[in-house]
Every structure is written in structure tokens, then in C-alpha cells.
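# Chain and residue survey
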Amino acid sequence: MRPVDVIRRKRDGEELSPDAIRALIAGLMSGEIPTYQAAAWLMAVYFRGLGRAELAALTDAMLHSGEVMDLSSIAAVKVDKHSTGGVGDKISLCLAPAVAACGVAVPMISGRGLGHTGGTLDKLESIPGFKVDLAPARFLEVVREHGLALIGQTATVVPADRLLYGLRDVTATVESIPLIASSIMSKKLAEGIDALVLDVKFGAGAFMKTLKDARALAEVLVAIGADAGKRVTALVTAMDQPIGRAVGNASEMREAIEVLKGSGPEDTRALTVKLGGEMLVLGGAAADAAAGEERIAEALASGAGLDRLRRVVIAQGGDVRVIDDPSLLPQPRARVEVPAPVGGIVQTIDAEKIGRAAMVLGAGRRKAEDDVDATAGIEVLHKVGDHVREGSPLCVLELGDAAGVADARALALEAYTIADAVPRRAPLVAAVIRSHEPGSPPEAATA
Ligand code: URA
């Protein structure tokens, strides 16, 4: 079928055959199909959506556009976790070592931060010497030996996503559930994992602003995984305020170490335990979510998770002294308090604005090529529901080398709403969507 016919059929709401979709992606990759035709097709998908078979074909074509990892030499069930992106979201850093300490292999491939959301790789790189670009053979070795390795994507994994995402970015077609879902799942499936836990966020700081949209995205992500023969569990979680108190790179690493020492902010611990519990179920290390959560809580309380992180930091070349003395992580050059303009109860904290304030200070990047400043960020002193006095500090700007204090202060102030009423909070986990019956054995999904 000619590309123009594929575009026309999608424009008119018809279902495309898997072959037509595969040919489109292959043509785009080879350069036979120009980007303007791919862009027109993306817009047609934006308006018309994709059916389940179309989505499976698109994800599969993207997945096979590059290198697919082979982790079959690792006998343990391999489970990864992916978050659709949040502010203060250091959960992977707490979770992955705790899950590995419970006997489930975690070959974690993470991304960098972009825009107002942070990235796990940037946080890890705040540990002096820590390498996130291990060669595939070394990655396998570290997972085999320690049950965990934490690396970034290579340029050869899902190159079709890089091309398509670049086009979506400049054609206003990013906010499409099938396009987001195929983009995320093609990259996760390329890791060669057996199972996946997804944290699909909704609220002011998330891609999906409403619970309804986040649930729809979660259902599509889970369906793609199931069609690829993987067990996938998605938790739909609130991103209505930053997670924990630290928003930044080194500061989030420090907070993750606190959680692994059995303390840290309550919401961060709770989310770690919830997501970790599901990973243990998928990895066959717990009979159900409650048992999994109990094991993760134990791994945090006993220091077993922290010990696993210590081993992985050594294996990946990082300065292991930061585990026992997190003050050795890069520190901000100055701290500037942002006082409350009025007294009352914190009603909301717009996580996107806090994320943007941190970005202005240098913690995030506007463009993929930008560097981040490990020391910059925001410390959120007061969270939703806290009582504050007029003039007392709401949050602290942690300054690195960048200017922008005035803009960051204005954004931080805009982020807070303070009034006298007792605020209504969204539950931390609003929905759980599974590709499988709870309690079914892990082999069922990998067959
Ligand atoms: N994350 C991705 O990897 N892709 C998207 O399209 C959106 C979020």
C-alpha cells in the first residue's frame, strides 16, 4: 500500500493491517518514506486512535527497529519498573535495590529528565564516578552478580522512537495515548524483561492530568504488554504534589538513601512499598501484593536494600562512601527560603510549577542536549495539609551555578495555594490494572 493510502485510511478512521503499519515504520527508518508523510500519519493517529491489533503491530515494529536485549542467560525472573514521569519521583532508586534484595532480578534501563520531570539517570550520576553507560556484556554481568544494574538507553535501542518522538514533538502529537503507549512499551520490551510494573501518574505534575486519562493510558500499556506475552501491572498514582521533600538530582539521591535506611518521607516509602510489592508478585517472590509489600518494608527496615545499592554503586564505579555519608553528594552553593505569603493550611502544591522552578535553577533540562546541575533543586518543607504561618518558609531554593532565583521563587510561590479549609487528598494509589489474575504463577506470562 502506498504511504498516502495508509495516511488516508487512518485519516478516515479505518483499521490498518499489521503489514501496512510495519511497512510504514520500515520505510521511515530506511528513509524511503519522508518525515512529512510520517508526520501526517501521526496526526491521523492523534485524531483517530489505534485499535488493539494496530497498536500491537506498531509497538512490535518500533521494538524491532533496533537492538533487542537478550537476558535469557539470567535464570531469575526479570522485572523492571517504569514511571510515566513525576516531580520528586525518586522511587526507582529506593525500589530497585529493595526488590533485588528480595531475590528478583531488576535490569533497570532508565531515562534522563526532560522539562519539569526529573530522570533517574541524572540522579544516579550525582554519585561521583557512577557509570550509567555500561556495555551490554557488563550490564548482564552486574545483573547476574548483584540482581540489579542501573543503566541508560543506548542509541541502538528503538531508534524508531527517537525519530517518531522528534516528529511528535514538533507536530503537536505528543499527547496521544496510543503514541505514548507504543513509545514507552517498545523501549521496555526491548530490554528483554519478563514482567513490568508501571507507575502511571495523574495530576498537575503528570502527563495525564486526570484520573480518567491516566487509567485509559494504563489500560493500553497493560494490553500492549499482555499482547507481547509479558505480565504487566500498572498502578495509577496521584501526582498532585511533589513526591517526598527533595526535588533535584543529588538531593533526591540523598532522600532515596534515607528511604533505604528505613526512614524518609512517608509518601515516598509508601509508594516504594506498593510498587515493590507488585514487582515481587510478578517476580514470583511473593504470593500476593500484601505479602510483597511486607517483604519490601522489611528490606527497607533491615538495610538489605541499602546493602544492595552499596554493591551496585561499587560495581558501576561510583564512590560508595556516599551510602554511609550522603553529605558527600554534591551540595548546593546556597539555600534561599521562600516564605508563606499568608497563614493557613496548604491546599495544593502544583508539582509541575515546582518541577519548573527546579529546572530554572539548573536541576532539569529544556532540551535533550542540555546538562543538569546535580546540586540545584527545591526542598519542599510543607506539603498538602500542613499548617503554615505567614512568613514561615514553604520551601527552600537550592542554588547551583544557574541564575534564575527570582523566576524560581515566583514559580514556587505560584505552586502553593493556602486557605483555611481542610484539603481533600487524592488516594496515593487510585487504581491497579493487571494483565493477569492475581496469584497466577510467573511462568504463565513468559510462555
Ligand atoms: N515517555 C515516553 O517514553 N514516550 C512518550 O511518548 C511519553 C513519555
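Details of the structure are given in the entry above.
Residues numbered from 1 in each chain as written. Predicted model: local features only at pLDDT ≥ 70, side-chain atom pairs only at ≥ 80, totals over all residues. Heavy atoms only, no water.

### Some remarks on the overall build of the protein
- Within the protein one finds 18 helices and 13 strands.
- Along the longest, intermediate and shortest principal axes, the C-alpha atoms of the protein span 65 × 45 × 40 Å.
- Burial statistics for the protein: of 447 residues in total, 55% are counted as buried.
- Carbon together with sulfur atoms contributes 53% to the accessible area of the protein, which is approximately 17,500 Å² in total. (Helix = DSSP H or I, 4+ residues; strand = E, 2+ residues; numbered from the N terminus. Buried < 20%, exposed > 50% of the residue type's maximum accessible area, 1.4 Å probe, protein only. Areas by Shrake-Rupley, 256 points an atom, 1.4 Å probe, with all protein chains shown as cover.)

### Examining the environment of Arg-231
- By the element assignment, Arg-231 lies in strand β5 (residues 231-238).
- Once the C-alpha coordinates of Arg-231 and Ala-195 are considered, the two residues, 36 residues apart in sequence, prove to be 4.7 Å apart.

### Quick word on the pattern of salt bridges
- Using the criterion set out here, one finds 31 salt bridges in the structure.
- In this structure, Asp-267 and Lys-383 form a salt bridge, with 2.8 Å as the shortest nitrogen-oxygen distance. In this pair, Asp-267 sits in helix α12 (residues 266-282) while Lys-383 sits in the loop between β9 (377-380) and β10 (387-388), placing the two residues 116 residues apart along the sequence.
- The partner of Arg-321 in a salt bridge is Asp-319, and the shortest N-O contact between them spans 2.8 Å. (Salt bridge = Lys/Arg side-chain N within 4 Å of Asp/Glu carboxyl O.)

### Notes on the environment of Gly-66
- By the element assignment, Gly-66 lies in the loop between α4 (52-63) and β1 (79-83).
- Residues Gly-66 and Ala-160, spaced 94 residues apart in sequence, show a C-alpha to C-alpha distance of 7.8 Å.
- The residues contacting Gly-66, other than those within four sequence positions of it, are Thr-156, Val-158 and Pro-159. (Contact = heavy atoms within 4.5 Å.)

### Considering the packing of α4 against helix α10 (residues 211-227)
- Contact geometry of α4 with α10 gives a least axis separation of 10 Å together with a crossing angle of 70°. Judged by the angle between their axes, α4 and α10 are roughly perpendicular. Like other packed secondary-structure pairs, α4 and α10 cross with a definite hand, here right-handed. The residues of α10 that touch α4, namely those facing Arg-52, Leu-55, Ala-56 and Thr-59, are Val-220, Ala-223, Ile-224, Ala-226 and Asp-227.
- Looking at the contact of α4 with α10 residue by residue, the classes come out as 6 nonpolar, 1 polar and 2 charged. (Axes fitted to C-alpha atoms, helices over the stretch in contact; angles between N-to-C directions. Parallel < 35°, antiparallel > 145°, perpendicular 65-115°, else oblique. Left-handed = near helix turned anticlockwise from the far one by under 90°. Nonpolar A, V, L, I, M, F, W, Y, C, P; charged D, E, K, R; others polar.)

### Quick word on the site of the ligand
- Surveying the vicinity of the ligand reveals the residues Tyr-165, Arg-168, Ile-180, Ser-183, Ile-184, Lys-187 and Phe-207.
- Isolated, the ligand exposes 240 Å² of accessible area, and the fraction of that covered by the protein chains is 87%.
- Among the secondary structure elements, those contributing two or more residues to the shell around the ligand are α8 (159-170) and α9 (177-189).
- Among the elements that make up the shell around the ligand, the one with the highest residue count is α9 (4 residues).
- Looking at the shell around the ligand residue by residue, the class counts come to 4 nonpolar, 1 polar and 2 charged. (Near = heavy atom within 4 Å.)

### A word on the nonpolar core
- Residues Ile-354 and Ile-378 are the most contacted members of the largest nonpolar core, which totals 78 residues.
- For this core, the element with the highest residue contribution is helix α5 (residues 91-101), accounting for 8 residues.
- Setting aside anything within four residues of it in sequence, one finds Ile-354 in contact with Val-87, Pro-242, Val-247, Ile-349, Ile-378, Val-380, Ala-412, Ala-415 and Tyr-416.
- Formed by 50 residues, the second largest nonpolar core is a distinct cluster that contains Leu-16, Ala-160, Leu-221 and Ala-234. (Core = buried A, V, L, I, M, F, W, Y, C linked by side-chain atoms within 4.5 Å.)

### Some thoughts on the sheet that holds strand β12 (residues 416-419)
- Read across the open sheet, the 3 strands follow the order β10-β8-β12; overall the sheet is antiparallel. Strands at the two margins of the open sheet, each flanked by one partner only, are β10 and β12.
- Taken strand by strand, helix α17 (residues 405-415) contacts β8 (344-349) and β12, and its axis lies near 45° from that of β12. (Pairing = 2+ DSSP bridges.)

### Side note on the sheet that holds β9
- Across the sheet, which stays open at both edges, the 4 strands sit in the order β6-β9-β11-β7 with antiparallel pairing between neighbours. The sheet is open, and its two borders are formed by β6 (246-248) and β7 (334-339), each paired with just one other strand. Each strand of the sheet is rotated relative to its neighbour by a mean of 20°, with strand direction disregarded.
- Bridge count for β6 against β9 is 3 bridges, and the pairing is antiparallel. Bridging across to β9, Gly-248 finds its partner in Gly-377.
- Of the strands in this sheet, β6 and β11 (393-399) touch helix α11 (residues 250-260), which is tilted by about 140° from β6.
- Relative to the sheet, helix α16 (residues 351-360) contacts β6 and β9, its axis offset from that of β9 by approximately 140°.

### Brief notes about empty space enclosed by the protein
- This structure, assessed with the given rule, holds 3 cavities of 30 Å³ or more.
- A volume near 110 Å³ is recorded for the largest cavity.
- Along its surface, the largest cavity is lined by 17 residues, and His-116, Thr-117, Gly-118, Val-247 and Ala-358 are the ones closest to its centre.
- In terms of residue count, α16 provides more of the lining of the largest cavity than any other element does, 3 residues in total.
- Of the residues belonging to the lining of the largest cavity, the class tally is 5 nonpolar, 10 polar and 2 charged. (1 Å grid on protein atoms, 1.4 Å probe; cavity = no way out; pocket = protein on both sides within 12 Å on 5 of 7 lines; lining within 4 Å. Points joined across faces, edges and corners; volume = space filled by probe spheres on them.)

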